[in-house]
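Commentary on secondary and tertiary structure
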Amino acid sequence: GENVEQHPSTLSVQEGDSAVIKCTYSDSASNYFPWYKQELGKGPQLIIDIRSNVGEKKDQRIAVTLNKTAKHFSLHITETQPEDSAVYFCAATFSGSARQLTFGSGTQLTVLP
Amino acid sequence: DAGVTQSPTHLIKTRGQHVTLRCSPISGHKSVSWYQQVLGQGPQFIFQYYEKEERGRGNFPDRFSARQFPNYSSELNVNALLLGDSALYLCASSLVGQGHEQYFGPGTRLTVT
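Residues numbered from 1 in each chain as written. Chains lettered and ligands numbered in written order. Predicted model: local features only at pLDDT ≥ 70, side-chain atom pairs only at ≥ 80, totals over all residues. Heavy atoms only, no water.

Some thoughts on the nonpolar core
Counted only if it meets this: Take the buried Ala, Val, Leu, Ile, Met, Phe, Trp, Tyr and Cys residues and link them wherever side-chain atoms come within 4.5 Å; each set so joined is a nonpolar core. Burial status follows relative accessibility: with a 1.4 Å probe on protein chains alone, a residue under 20% of its type maximum counts as buried, one over 50% as exposed, and anything between as partly exposed. Runs of H or I in DSSP of at least four residues are treated as helices and runs of E of at least two as strands, each being numbered from the N terminus. Note on contacts: a residue pair qualifies if any of its non-hydrogen atoms lie within 4.5 Å across the two residues.
Membership of the largest hydrophobic core comes to 25 residues, with the highest contact counts inside it found for Trp35(A), Phe73(A), Leu75(A), Tyr88(A) and Leu109(A). Those elements that provide at least two residues to this core are strand S2 (10-14), strand S3 (19-25), strand S4 (32-38), strand S5 (45-51), strand S7 (62-67), strand S8 (72-77), strand S9 (86-93) and strand S11 (107-112) of chain A. Other than its neighbours up to four places away in sequence, Phe73(A) contacts Ile21(A), Lys22(A), Cys23(A), Tyr25(A), Phe33(A), Trp35(A), Thr65(A), Leu66(A), Cys90(A) and Ala91(A). Of all hydrophobic cores here, the second largest spans 22 residues; its members include Val4(B), Cys23(B), Val78(B) and Leu81(B).

The following block contains the structure:
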């Protein structure tokens, strides 16, 4: 069935360094890939997304890349700050599924001051 | 501009009881989706409603049901609660039923004892 795998499960970086989180998906027909940030006690917040007709998208310190051939996509955060510390989830929308999102298992990012 | 709102914030129920959770989407959004997030995992899709009709259903038992009202708000009902139903229940709204960004509310934390 549909599956999204996310790595790593935990990631610690020094403030100012870059962080990269990777996800792979199983359905080659998937066409929408959002990333969410979830802080403790809050709902997931959409931070960036990419569609299958685009290879890369940037928004200030955040970028997402998509490799449709390899069926993987990645989140890149540059110049990390302590407030970037949170759980990050990737997700994918699979064809024929009424656009329900299938989520990865999450990455706990800790930015050390 | 108000985001997605959910009520109650948290509640405690006993096994076998019934619960109703409520969600109001972002103004102008006509689609509502429900997700269950167990501690330490990514959200799992339960239902999607668009224009008051069910457009998608995840792999959840018939004890779970939902509906959408003319004002696009939604209710999630869970009957015969089990301990395993303890989770954060998230509501997400989007402009249309397919292919658009989903914005999450803060969730309702349900504890079943």
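Overview of the interface of chain B and chain A
Heads up, the condition is: The term buried area means the drop in 1.4 Å probe accessible area that two parts suffer when joined, counted for both and summed. Put simply, a salt bridge is a Lys or Arg side-chain nitrogen that is within 4 Å of an Asp or Glu carboxyl oxygen. The definition of a polar contact used here is a pair of N or O atoms within 3.5 Å, where within protein one atom must be able to donate a hydrogen and the other to accept one, and adjacent residues in sequence count solely through side-chain atom pairs. The residue classification treats Ala, Val, Leu, Ile, Met, Phe, Trp, Tyr, Cys and Pro as nonpolar and Asp, Glu, Lys and Arg as charged. All others, Gly included, are polar.
The interface of chain B with chain A comprises 23 residues on the first partner and 17 residues on the second. When chain B packs against chain A, close to 1,500 Å² is buried across both sides, 54% of that on carbon and sulfur atoms. Linking chain B to chain A there are one salt bridge. Residue Glu101(B) pairs with Arg51(A) through a salt bridge whose shortest N-O separation is 3.5 Å. The tally of links between chain B and chain A comes to three residue pairs in polar contact (both at pLDDT 80 or more). Going through the elements one at a time, strand S4 (31-37), strand S5 (44-50), strand S6 (53-57), strand S9 (87-94) and strand S10 (103-104) of chain B are the ones with two or more residues in the side of chain B that touches chain A. Of all the elements, S6(B) adds the most residues to the side of chain B that touches chain A, at three residues. A breakdown of the residues in the side of chain B that touches chain A according to their chemical character gives eight nonpolar, 12 polar and three charged.

Considerations on the sheet that holds strand S3 (residues 19-24) of chain B
Residues and elements named next belong to chain B. Cut-off, in case you're wondering: Between any two strands, at least two bridges found by DSSP are needed for them to pair. Here the axes come from fitting lines to C-alpha atoms, over the contacting stretch only for helices, and the angles between their N-to-C directions go from 0 to 180 degrees.
The sheet built from four strands is open, its strands ordered S1-S3-S8-S7 with antiparallel pairing. Each of the sheet's edge strands pairs with one partner strand only, and the pair in question is strand S1 (5-7) and strand S7 (64-68). Each adjacent strand pair in this sheet contributes to an overall mean axis angle of 15 degrees, direction not counted. Relative to S3, S1 runs antiparallel, the two being bridged by three bridges. Within the sheet, the bridge partner assigned to Gln6 lies in S3 and is Cys23.

Let's talk about the sheet that holds strand S6 (residues 56-59) of chain A
Residues and elements named next belong to chain A. The antiparallel open sheet is built from five strands, whose spatial order is S1-S3-S8-S7-S6. In this open sheet, the two edge strands, each paired with only one partner strand, are strand S1 (4-7) and S6. Strand after strand, the sheet turns through a mean of 15 degrees between neighbouring axes, direction not considered. As defined by bridge partners, S3 adjoins S8 across six bridges and the pair is classed as antiparallel. Bridged to Val20 within S8 is His76.

So yeah, pure geometry; function would need other evidence.
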